[in-house]
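Chain by chain, the residues:
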Amino acid sequence: MLVTAGATREPLDPVRYLGNRSSGRMGFALAAAAREAGAEVVLVTGPAALATPRGVERVEVERAEQMHEAVMARIEGADLFIGAAAVADYRPAQEAPEKIKKGSGPLTLTLEPTPDILRAVAARRPRPFVVGFAAETTDLLEHARAKLRDKGLDLVAANRVGPGRGLEVERNSLEVLAAEGEPVSLPEQPKEDLARALIALVAERLEAGGRA
Ligand code: PMT
């Protein structure tokens, strides 16, 4: 299986980037749980100050574009893909070759979309079982359902994010949705335990015949 983790960094100039608060904990915990369950695991991660789980192959990237390339180069033959990374949706349209100097007025940045890794994996034929995440500050289930449908996922794990919630912290909770049936609630617990519970759910689906 392949799992993505952590935040991407989209460079503005040689010293600055656009990023987010993802620590990589959730993705690393999923890699560890899947390995524990017997899977061969490749973990494609943005910069993260976390130890590589035992027996897991770690691939380090920085930008969304590099994460996309790293995943696409390794996805062939995978049975399962989990996108737990907080991938930047936009990057600066231009990376300044030298440090941007402070001016007197406002600075306007032009951003362009990055490749959507999850969508690209789900569009492959044949394709692995595809699990996405939805990180939301409002209307959790509605946004998660839209992502499940629009990106063509088998499952989506939805979490609320905000100050002290979801990102960076050690505990989390998830609502797991498929195209059919009621959401499964995985209550707040350490991300390591949550990851084991999510991997068990995915394994059940895979054993029952794969995608919905
Ligand atoms: O790393 P932690 O600090 O432990 O925090 C965990 C987490 C909150 C980051 C994690 O649980 C989580 O929700 N990860 C997904 C964050 C996110 O980017 O969600 P999103 O709703 O913006 O994106 C939806 C899905 O599309 C995600 O599976 C994402 O990996 C994927 N995506 C998004 C954009 C893009 N260009 N390519 C993608 O593959």
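Our structure is the block above this text.
Keep in mind that what you see is a predicted model, and the values were worked out from it rather than measured. (Residues numbered from 1 in each chain as written. Predicted model: local features only at pLDDT ≥ 70, side-chain atom pairs only at ≥ 80, totals over all residues. Heavy atoms only, no water.)

A few points about the overall build of the protein
Regarding its fold elements, the protein presents five helices and 12 strands. Computed over the C-alpha atoms, the radius of gyration of the protein is 17 Å, within 12% of the 17 Å expected from 2.2 N^0.38 for a compact globule of 212 residues. With respect to the principal axes defined by its C-alpha atoms, the protein has extents near 60 × 35 × 30 Å. Of all 212 residues assigned to the protein, the portion counted as buried reaches 42%. Counting only contacts in the protein whose residues sit at least 6 apart along the sequence, the fraction spanning at least 24 positions is 58%. In the structure as shown, the protein presents an accessible area of about 11500 Å², 47% of it carried by carbon and sulfur atoms. One way to put it: in the protein the 28 positive side-chain charges average out to a point 3 Å from where the 31 negative ones average out. (Helix = DSSP H or I, 4+ residues; strand = E, 2+ residues; numbered from the N terminus. Rg over C-alpha atoms; globule rule 2.2 N^0.38 Å. Buried < 20%, exposed > 50% of the residue type's maximum accessible area, 1.4 Å probe, protein only. Contact = heavy atoms within 4.5 Å. Areas by Shrake-Rupley, 256 points an atom, 1.4 Å probe, with all protein chains shown as cover. Lys, Arg positive; Asp, Glu negative; His and termini not counted. Charge placed at Lys NZ, Arg CZ, Asp CG, Glu CD.)

What to know about the pattern of salt bridges
Side chains carrying opposite charge are able to pair once their charged atoms draw close together. The final tally for this structure, using the stated rule, is 14 salt bridges. Close ionic contact of E60 with R58 constitutes a salt bridge, the shortest N to O distance being 2.9 Å. Note on R58: relative accessible area 22%, which makes it partly exposed. R171 is the salt-bridge partner of E188, the closest N and O atoms lying 2.9 Å from each other. You can see E188 sitting in strand β12 (residues 184–190) and its partner R171 sitting in strand β11 (residues 171–177), a full 17 residues away along the chain. According to the relative accessible area criterion, R171 is partly exposed, its value standing at 41%. The network of salt bridges with common partners includes E36, D193 and R196. (Salt bridge = Lys/Arg side-chain N within 4 Å of Asp/Glu carboxyl O.)

Side note on the site of the ligand
S22, G83, A85, K147 and N159 are the nearest of the 29 residues found near the ligand. N159 has a polar side-chain atom sitting 2.6 Å from an oxygen atom of the ligand. Coverage of the ligand by the protein amounts to 95% of the 770 Å² it exposes when considered alone. Using a 2 Å cut-off from the grid points, one finds that the ligand occupies the largest pocket. Residue assignment for the shell around the ligand shows that the elements contributing at least two residues are α1 (25–36), α3 (117–122), β9 (129–136) and α4 (140–151). Tallying contributions element by element places β9 first for the shell around the ligand, with four residues. In the shell around the ligand, the residues fall into 14 nonpolar, eight polar and seven charged. (Near = heavy atom within 4 Å. Polar contact = N/O pair within 3.5 Å; in protein donor to acceptor, adjacent residues only side chain to side chain. 1 Å grid on protein atoms, 1.4 Å probe; cavity = no way out; pocket = protein on both sides within 12 Å on 5 of 7 lines; lining within 4 Å. Sits in = over half its atoms within 2 Å of the grid points. Nonpolar A, V, L, I, M, F, W, Y, C, P; charged D, E, K, R; others polar.)

Focus: helix α5 (residues 191–207)
Relative to the 24 Å expected for 17 residues at 1.5 Å per residue, α5 spans 24 Å between its end C-alpha atoms, a close match to the ideal helical length. Residues of α5 that are buried: K191, L194, A195, L198, I199, L201 and V202. Across the axial projection of α5, the buried residues extend over an arc of 160°, all falling on one side. In α5, the exposed positions that point more than 90 degrees away from the buried face belong to E204 and E207. (Expected span 1.5 Å × (residues − 1). Arc of directions from axis to C-beta.)

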